[in-house]
Amino acid sequence: MASENTTAADTAPTKLYTRKEVAEHTDSNDLWIIINNKIYNLSSFLSEHPGGEEVLLEQGGQDGTQPFEDIGHSSDARQMMESYKIGELVEEERTKGNASGSSALYGEDNSSGSWRSWLIPIALGVLATLVYRYFIKAH
């Protein structure tokens, strides 16, 4: 079943679960979801979720990191979810890209992507300006 692992950061042992164990918890009375390699029991949160129960039920028993990050949850939502945390994935089954949790959301692991998202619109703006000035001066 679940094993325990004590980290230096906290004195309480963290329960470790496998993906197989999480996959057994998929119904509305017992719903577990993996987000950033952490396991959350969202059974009592279903009726409170602003996006509706269906969204959580679709991800029940599996890794919901990508849909969670795609929505762009607020910092308040991220704080709130900590109260539903029941453990973490065993080390062997963790997803490498999500090991740092939400830090990737804030650009620590994805810093090059943030400036690249502005590069194309800026380049197009400069190009449009140059083309406009060329045609105004030429005609």
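Residues numbered from 1 in each chain as written. Predicted model: local features only at pLDDT ≥ 70, side-chain atom pairs only at ≥ 80, totals over all residues. Heavy atoms only, no water.

### Concerning the overall build of the protein
- In terms of regular secondary structure, the protein is built from 5 helices and 6 strands.
- Here the protein, with 139 residues, has 27% of them falling under the buried criterion.
- Contacts spanning at least 24 positions in sequence make up 64% of the contacts within the protein whose residues lie at least 6 apart.
- Here the protein displays about 9,500 Å² of accessible surface, and carbon together with sulfur accounts for 57% of that area. (Helix = DSSP H or I, 4+ residues; strand = E, 2+ residues; numbered from the N terminus. Buried < 20%, exposed > 50% of the residue type's maximum accessible area, 1.4 Å probe, protein only. Contact = heavy atoms within 4.5 Å. Areas by Shrake-Rupley, 256 points an atom, 1.4 Å probe, with all protein chains shown as cover.)

### A look at the packing of aromatic side chains
- For the coordinates displayed, the defined rule picks out 3 aromatic pairs.
- Measuring from ring centre to ring centre gives 5.0 Å for Y17 and W32, while their planes differ by 70°; the resulting arrangement is edge-to-face. Of this pair, Y17 sits in strand 2 (residues 14-17) while W32 sits in strand 4 (residues 30-35), placing them 15 residues apart in sequence.
- Accessibility expressed as a relative area gives 10% for W32, which makes it buried. (Phe/Tyr/Trp six-rings, centres within 6.5 Å; stacked < 30°, edge-to-face > 60°.)

### Topic: the confidence of the model for the protein
- The predicted model of the protein averages 80 in pLDDT, with 77% of residues at 70 or higher.
- Averaged pLDDT values over the elements of the protein bottom out at 54 in strand 1 (residues 3-5) and peak at 95 in strand 5 (residues 38-41).
- Scored below 50 in pLDDT, residues 99-112 makes 13 contacts in the model with residues more than four places away or belonging to other chains. (pLDDT = per-residue confidence, 0-100.)

### Let's talk about the UniProt feature "transmembrane region" (unreviewed entry) in the protein
- Following the UniProt record, the feature "transmembrane region" (unreviewed entry) maps to residues 118-136 here.
- End-to-end, the C-alpha atoms of residues 118-136 are 27 Å apart, and along that stretch the chain is 100% helix and 0% strand. (UniProt positions renumbered as here; feature names shortened; annotations may be inferred.)

### Description of the nonpolar core
- In this structure, L31, I33, I35, Y40, L42, F45, L46, L56, F68, M81 and Y84 together form the largest nonpolar core, which totals 11 residues.
- Top contributing element to this core by residue count: strand 4, with 3 residues.
- For M81, the residues in contact, after removing those within four places along its chain, are I35, Y40 and F68.
- Y17, V22, I34 and I39 belong to the second-largest nonpolar core, a separate cluster that totals 6 residues. (Core = buried A, V, L, I, M, F, W, Y, C linked by side-chain atoms within 4.5 Å.)

### Notes on the pattern of salt bridges
- Per the stated rule, a full pass over the model turns up 5 salt bridges.
- The salt bridge involving K85 is made with E88; its shortest N-O contact spans 3.1 Å.
- Judged by its relative accessible area of 28%, K85 falls in the partly exposed class.
- For E91, the salt bridge is made with R94, and the minimal N-O distance between the two is 3.5 Å.
- Residue E91 is classed as exposed on the basis of its relative accessible area, which comes to 52%.
- Salt bridges here are not isolated pairs; linked through shared partners, they connect K85, E88, E91 and R94. (Salt bridge = Lys/Arg side-chain N within 4 Å of Asp/Glu carboxyl O.)

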